[in-house]
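# Fold and contact review
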Amino acid sequence: MKKLRLDRAARLRYTMDTFHRWLFDTSAGQKPVTPELFLTTHAAYFAGSEITETELDEALAHLTQYELVEYLDTEPVTVAITPQGASCALTGGSVQDHINQPRTGTTYNNYLPNAKGVIIGEQQHFTQNNTDGIDPRSSSSSPDTSARSATR
C-alpha cells in the first residue's frame, strides 16, 4: 500500500479521474464549482493518503489542457466541466481512455471519372507510377507530341 501511495503517475491518474467524475456529478448544468471543495470529500484520498492541493492543481492542468474542464474568471477561482468533459464522463471510461482514443485521419471523398495521374489529400513518401505511355525523361509533356517526334 505504501508503494502505491508513492506512485506519482497512479496518484495523478486517480486524481484526474476522481475529480473529473466529482465535477460532472456536482456541476449539473455546467455550473461553476470551486475545485478545493473536492479536497473535503471522501473521494480525495488515494490508497489511504489525502490528495494534496498541489496534486489537484496538476490534475486540473491536465484536464484543462485536454479541454475537459475550464477555469472561469471568478473570485474565488472556479471551474466548470466542458461539453467534451461531459462526453468523457458519459462514456464511463477513464480520462486517459478518452484522451488516448485513436483519432481518425482526414477522409477525402472524390468522384473523378476517368481520371489519371490525380493526387488528392495528404501524402508522405509519395511515389507515382506512370502507365499512360509518357516518358518522364523526355522534354515533351504530351504523349501525342512525343509520338509525332518519333515518327518524323
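Just above, that's the structure.
Let us look at the structure shown here. (Residues numbered from 1 in each chain as written. Predicted model: local features only at pLDDT ≥ 70, side-chain atom pairs only at ≥ 80, totals over all residues. Heavy atoms only, no water.)

### What to know about the pattern of salt bridges
Once the charged atoms of two side chains with opposite charge are near each other, the side chains can pair. On inspection of all chains with the given rule, the structure shows three salt bridges. One salt bridge in this structure joins Asp 25 and Arg 21, with 3.2 Å as the shortest N-O distance. With a gap of four residues between them, Asp 25 and Arg 21 both fall in helix 2 (residues 8-26), about one helical turn apart. Residue classification places Asp 25 among the partly exposed positions, given a relative accessible area of 48%. (Salt bridge = Lys/Arg side-chain N within 4 Å of Asp/Glu carboxyl O. Helix = DSSP H or I, 4+ residues; strand = E, 2+ residues; numbered from the N terminus. Buried < 20%, exposed > 50% of the residue type's maximum accessible area, 1.4 Å probe, protein only.)

### Focus: the packing of aromatic side chains
Within the structure shown, the criterion is met by four aromatic pairs. Geometrically, the ring pair formed by Tyr 14 and Phe 46 is tilted, given 5.2 Å between the ring centres and 50° between the ring planes. Here the residue Tyr 14 occupies a position in helix 2, and Phe 46 occupies one in strand 1 (residues 45-46), the gap between them amounting to 32 residues. Classification of Tyr 14 as partly exposed rests on a relative accessible area of 26%. In this structure an aromatic cluster arises from ring pairing among Phe 19, Trp 22 and Phe 38. (Phe/Tyr/Trp six-rings, centres within 6.5 Å; stacked < 30°, edge-to-face > 60°.)

### Examining the environment of Ser 87
Within the fold, Ser 87 resides in helix 4 (residues 83-91). It is 10.0 Å that separates the C-alpha atoms of Ser 87 and Phe 24, two residues lying 63 residues apart in sequence.

### A word on the nonpolar core
Counting residues in hydrophobic clusters, the biggest one holds 20 residues, and the most contacted among them are Phe 19, Trp 22, Leu 23, Phe 38, Leu 60 and Leu 63. Elements with a minimum of two residues in this core: helix 2, helix 3 (53-65), strand 4 (78-81) and helix 5 (95-99). Counting residues per element, this core draws most heavily on helix 2, which supplies five residues. In this structure, Trp 22 is in contact with Val 33, Thr 34, Leu 37, Phe 38 and Thr 41, ignoring residues within four places of it in sequence. (Core = buried A, V, L, I, M, F, W, Y, C linked by side-chain atoms within 4.5 Å. Contact = heavy atoms within 4.5 Å.)

### A word on the packing of helix 2 against helix 3
It is the contact of helix 2 with helix 3, at a shortest axis distance of 9 Å, that shows an interaxial angle of 70°. Classified by the interaxial angle, the pair formed by helix 2 and helix 3 is roughly perpendicular. Crossing handedness for the pair helix 2 and helix 3: right-handed. Contact residues: helix 2 offers Arg 8, Arg 11, Leu 12, Thr 15, Met 16, Phe 19 and His 20, while helix 3 offers Glu 55, Leu 56, Glu 58, Ala 59, Leu 60, His 62 and Leu 63. (Axes fitted to C-alpha atoms, helices over the stretch in contact; angles between N-to-C directions. Parallel < 35°, antiparallel > 145°, perpendicular 65-115°, else oblique. Left-handed = near helix turned anticlockwise from the far one by under 90°.)

### Quick look at the packing of helix 2 against helix 4
Where helix 2 contacts helix 4, the axes come no closer than 10 Å and their chain directions differ by 105°. Looking at the two axes, helix 2 sits roughly perpendicular to helix 4. Residue-level inspection shows His 20, Arg 21 and Phe 24 of helix 2 in contact with helix 4, the latter providing Gly 85, Ala 86, Cys 88, Ala 89 and Leu 90. In terms of residue class, the contact of helix 2 with helix 4 is made up of five nonpolar, two polar and one charged. (Nonpolar A, V, L, I, M, F, W, Y, C, P; charged D, E, K, R; others polar.)

Any link to function would need more than the numbers given here.
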